[in-house]
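# Topology and contacts: notes
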Amino acid sequence: MLAYQHAYHAGNFADVHKHLTLLAVIRHLLRKKSPVTYVDTHAGRGCYPLDAQETRKLQEYRQGVAPLWETRERLGDSDALLKEWLDALAKAQRETRPEGESRLAVYPGSPWWLTQALRPQDRLSLFELHPGEHEHLGAQALPSNARRIHGDGLEGLRKQLPVATPRLCVLIDPSYERKEEYAEVASTLAEVGRKARHGVVMIWYPLLPAGRHRLLLEEVKRAGLRKLWRSEFILKDPGEAAHGMYGSGMLVMNPPWGLEQALGEAMARIRPILAPQGRHESGWWVGE
Ligand code: SAM
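Residues numbered from 1 in each chain as written. Predicted model: local features only at pLDDT ≥ 70, side-chain atom pairs only at ≥ 80, totals over all residues. Heavy atoms only, no water.

### Quick look at unusual backbone geometry
Inclusion rule: Every helix listed is a DSSP run of H or I at least four residues long, and every strand listed is a run of E at least two residues long, numbered separately from the N terminus. Relative accessibility under 20% of the residue-type maximum defines a buried residue, over 50% an exposed one, and the middle range a partly exposed one, all with a 1.4 Å probe and only protein chains included.
Residue L161 is joined to P162 through a cis peptide bond whose omega torsion reads -10 degrees. Mapping P162 onto the fold places it in the loop between helix 8 (153–160) and strand 6 (167–172). Of note in the backbone geometry, Y176 takes a positive phi value of approximately 50 degrees without being a glycine. Tracing the backbone through its elements, the reader meets Y176 in the loop between strand 6 and helix 9 (180–195). Taking relative accessible area as the criterion, Y176 reaches 9% and is therefore assigned buried. Of note, K227 is a non-glycine position whose phi angle comes to about 55 degrees, a positive value. In this fold, K227 is placed in the loop between helix 10 (213–222) and strand 8 (228–234). A relative accessible area of 33% means that K227 is categorised as partly exposed.

As structure tokens, then:
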């Protein structure tokens, strides 16, 4: 089953949460010169024009990136991570619309954020299983040390272990169309934990009334993994969300020092705009 297309949801509150976390991790990794292997197990299209037919249908970006873009000057002045994120968004607009950056026309997906970070000594693998989405990804310009692979991302990641570089950074961002994916993600994380003990792995999960993310969280605890930190951006109480997500979660194995503070401060600035009744919670799921 491959019905999910991220274009329907591009730039929503969960993308903002996920890509701010990703950027905070990348910033930290870039402080050292030693090479990093990046793996994006579920890459999507790479770039999302907001006037695409699919994106216009639900317009989720209107409750995500759009209000942040509209208040970008005030937000950028208040927080270093947000400033970097907003400056990068402006760059993505310039790249796709040479005439100017003032209008928000595209929302860049994880392959774009990772490509921005790539230095000559690093490597990047972008996995995408959906043939159509993979073809779209082909439109993104990639440097020679990045490759896109039409295939299963979790299997592809496992096959790359252990990686040849001293450092590993992984984003696992499935669509969770099949409920088995929660357990598959957990067992993949356990394997990364065994074969690349210091790898930084970010897993995005939806907060849905059915609460299936708890299976993922319990499984990784049962697997004996350590240093698992999580951040949850909660828009409303689960009871108020009969359908759809009530929040977005990020589980990070081996979170870099300072992530809690940097992301916490950025989320504290955007939370009143995106979720006046909501909250951001973070902390160790499993400590040292
Ligand atoms: N990571 C992207 C971003 O942040 O811009 C969004 C990814 S979207 C949530 C999930 C993507 O995973 C979809 O494009 C879907 O086609 C793809 N997908 C689904 N199952 C997959 C699998 N087993 N391996 C790789 N990609 C898969």
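From this point, things continue past the structure.
### Considering the packing of aromatic side chains
Test applied: Centres within 6.5 Å are what make two rings of Phe, Tyr or Trp a pair, Trp counting through its six-membered ring; a difference in plane orientation under 30 degrees is then read as stacked, over 60 as edge-to-face, and the rest as tilted.
Tallying each qualifying case throughout the model produces five aromatic pairs. Between the aromatic rings of Y176 and Y182, the centroid separation amounts to 4.3 Å while the plane-to-plane angle is 20 degrees, which identifies the pairing as stacked. Residue Y176 shares its accessibility class with Y182, and that shared class is buried. Ring geometry for Y176 against W204: centres 6.3 Å apart, planes inclined by 45 degrees, an arrangement best described as tilted. Taken as a pair, Y176 in the loop between strand 6 and helix 9 and W204 in strand 7 (residues 200–207) lie far apart in primary sequence, 28 residues in all. Pairwise contacts between aromatic rings join W85, W112 and W113 into one cluster.

### Regarding the packing of helix 9 against helix 10
Cut-off, in case you're wondering: Every axis in this analysis is a line fitted to C-alpha atoms, fitted for helices over the stretch in contact. Angles between the N-to-C directions lie between 0 and 180 degrees. These descriptions rest on fixed angle ranges, namely under 35 degrees for roughly parallel, over 145 for roughly antiparallel, 65 to 115 for roughly perpendicular, and the rest for oblique. Here a crossing is taken to be left-handed if its near helix is turned anticlockwise relative to the far helix by less than a right angle, and right-handed if that turn runs clockwise. By definition, residues are in contact when any of their heavy atoms lie within 4.5 Å.
Packing of helix 9 against helix 10 brings their axes to within 8 Å, and their N-to-C directions diverge by 25 degrees. With respect to each other, helix 9 and helix 10 are oriented roughly parallel. Regarding helix 9 and helix 10, the two cross each other, and that crossing is right-handed. From helix 9, Y182, A183, V185, A186 and L189 reach across to helix 10, where they touch H213, L215, L216, E219 and V220.

### Notes on the environment of Q5
In this fold, Q5 is placed in the segment before helix 1 (13–29). Q5 sits 170 residues away from S175 along the chain, and the two C-alpha atoms are 8.6 Å apart.

### A few points about helix 5 (residues 80–96)
Here is the rule we go by: Each residue after the first adds 1.5 Å to the expected span of a helix. For this analysis, a polar contact is any N or O atom pair within 3.5 Å, provided that within protein one partner can donate a hydrogen and the other can accept it, and provided that sequence-adjacent residues contribute only side-chain to side-chain pairs.
Helix length check: helix 5 (17 residues) gives 25 Å between terminal C-alpha atoms against 24 Å at 1.5 Å per residue, within 8%. The set of residues buried in helix 5 consists of L81, L82, W85, L86, A88, L89, A90, A92 and Q93. Looking at the buried residues of helix 5, the elements they touch are helix 1, helix 3 (65–70), helix 4 (72–78), strand 3 (106–108), helix 6 (110–117) and helix 11 (259–274). For helix 5, the N-terminal capping position is held by D79, with its side-chain oxygen 3.1 Å away from the main-chain nitrogen of L81.

### Overview of the sheet that holds strand 4 (residues 123–128)
Strand pairing in a sheet is mediated by backbone hydrogen bonds. Such pairs are either parallel or antiparallel. What counts is decided by this rule: One bridge is not enough; two strands pair if DSSP finds at least two bridges between them.
Taken together, the eight strands give an open sheet; going across it, the order is 5-4-1-6-7-9-8-10, and neighbouring strands pair in mixed fashion. Of all strands in the sheet, those bounded by a partner on one side alone are strand 5 (146–150) and strand 10 (279–286). Adjacent strand axes in the sheet meet at a mean angle of 15 degrees when their direction is disregarded. Alignment of strand 1 (residues 36–40) against strand 6, held across five bridges, turns out to be parallel. When the bridges of strand 6 are listed, Y38 appears paired with C169.

### Some details on the nonpolar core
This is how the line gets drawn: Here, the term nonpolar core denotes a set of buried Ala, Val, Leu, Ile, Met, Phe, Trp, Tyr and Cys residues that are joined through side-chain atoms within 4.5 Å.
Counting residues in each nonpolar core, the largest one holds 89 residues, and the members touching the most others are Y38 and W85. The leading source of residues in this core is helix 1, at ten residues. Setting aside chain neighbours within four positions, we find W85 in contact with V16, H19, L20, L23, V65, L68, Y107 and W113.

### So, helix 11
Given 3.6 residues per helical turn, the α-helix brings residues three or four places apart onto the same face. Which entries qualify depends on this criterion: At every residue, the bend is computed as the angle between two fitted axes, covering the seven residues ending there and the seven beginning there respectively.
Compared with an ideal rise of 1.5 Å per residue, which puts 16 residues at 22 Å, helix 11 spans 21 Å between its outermost C-alpha atoms and is within 8% of the ideal. Remark: the principal bend of helix 11, roughly 30 degrees, maps to A268, with a proline, P272, within the next four residues. Every buried residue of helix 11 is listed here: L259, L263, A266, M267, I270 and L274.

The analysis is restricted to geometry; functional conclusions fall outside its scope.
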